[in-house]
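Residue-level structural notes
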Amino acid sequence: MNIVFAARKGTDVKKMKKVVIVGGSYAGVKAGKTLHKIFKKNDDVEITLIDKNPFHTLMTELHEVAGHRTEEDSIKIDLRKIFRGRKVKVVTDEITCCYFSQNKIEGKKGEYEYDYLILALGNQANFFGVTGAEEHSHKLWSYEDAVALRHHIENMFIKAAQTEDKEERKSLLTFAVCGGGFT
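A short tour of the structure in this document, coming up. (Residues numbered from 1 in each chain as written. Predicted model: local features only at pLDDT ≥ 70, side-chain atom pairs only at ≥ 80, totals over all residues. Heavy atoms only, no water.)

1. Remarks on the sheet that holds strand β8 (residues 104–107)
- The strand order across the open sheet formed by 3 strands is β7-β8-β9, and the pairing between neighbours is antiparallel. A strand with exactly one partner marks an edge of an open sheet, and here the two such strands are β7 (95–99) and β9 (111–113). Adjacent strand axes in the sheet meet at a mean angle of 20 degrees when their direction is disregarded.
- Inspection of the sheet shows β7 paired to β8 by 4 bridges, in the antiparallel sense. Bridging from a neighbouring strand, C97 pairs with E106 of β8. (Pairing = 2+ DSSP bridges. Helix = DSSP H or I, 4+ residues; strand = E, 2+ residues; numbered from the N terminus. Axes fitted to C-alpha atoms, helices over the stretch in contact; angles between N-to-C directions.)

Below you can see the structure in the form of structure tokens.
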């Protein structure tokens, strides 16, 4: 998990006012929980977590959705529920620009000032140089990817059930997996 921590030069930790966390992935949620624990009794500290989605995705369960072993929404956890009763304000917005010299970030819905900024943006799929993999495959790296893959597999089974041609059915039901990671 990649976390970048930026603070205004000369900012005194003891006088910190606003902490903004961008990203509701594992790192962002952990940062929010940890900061709540540290500052829950300090009214001078404001913690805001911003993510483009109102939910945290259980990344280690993506394959369960794609493989139709669990319901689609079962791997989504509402960020407001995670931080209910905690000193972390959750904002749904997509950050479009960072103005580090001004200690400000901009989203599609507003601007957010900070004294401390934590960028917990997650990461992206890696195709490890396998030719054609990125262009011709379904990724399994997000909630949306898992749902799309699930629907693709379901559609292949429906098409295969509707054809009497054995070779076409075999082709429709042939899947290749590129990668050997946990998911």
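On we go from here.
2. Some thoughts on the nonpolar core
- Residues V19, I21, L35, I47, L79, F83 and I118 are the most contacted members of the largest nonpolar core, which totals 18 residues.
- Taken together, the elements giving at least two residues each to this core come down to β2 (18–22), α1 (26–39), β3 (46–51), α3 (79–82), β6 (88–92) and β10 (116–119).
- In terms of residues, this core owes the most to one element, α1, which gives 5 residues.
- Discounting chain neighbours no more than four positions away, the residues touching F83 are V29, G32, K33, L49, V88 and V90.
- With 9 residues, the next largest nonpolar core counts V20, V22, Y114 and L119 among its residues. (Core = buried A, V, L, I, M, F, W, Y, C linked by side-chain atoms within 4.5 Å. Buried < 20%, exposed > 50% of the residue type's maximum accessible area, 1.4 Å probe, protein only. Contact = heavy atoms within 4.5 Å.)

3. A few points about the environment of V147
- Along the chain, V147 falls in helix α4 (residues 143–162).
- For the pair V147 and T60, spaced 87 residues apart in sequence, the C-alpha separation works out to 14 Å.

4. Looking at unusual backbone geometry
- The phi angle at N103 is positive, at roughly 50 degrees, despite the residue not being glycine.
- For N103, the position within the fold is in the loop between β7 and β8.
- Judged by relative accessible area, which is 5%, N103 ranks as buried.
- Positive phi, close to 50 degrees, is recorded for F128, a residue that is not glycine.
- Mapped onto the secondary structure, F128 falls in the loop between β10 and α4.

5. Focus on α1
- For α1, which comprises 14 residues, the first-to-last C-alpha distance of 20 Å matches the rise-based estimate of 20 Å (1.5 Å per residue) to within 8%.
- Turning to α1, its buried residues number three or more, namely A27, G28, V29, A31, G32, L35, H36 and F39.
- On the buried face of α1, the contacting elements are β2, β3, β4 (55–57), α3, β6 and β10. (Expected span 1.5 Å × (residues − 1).)

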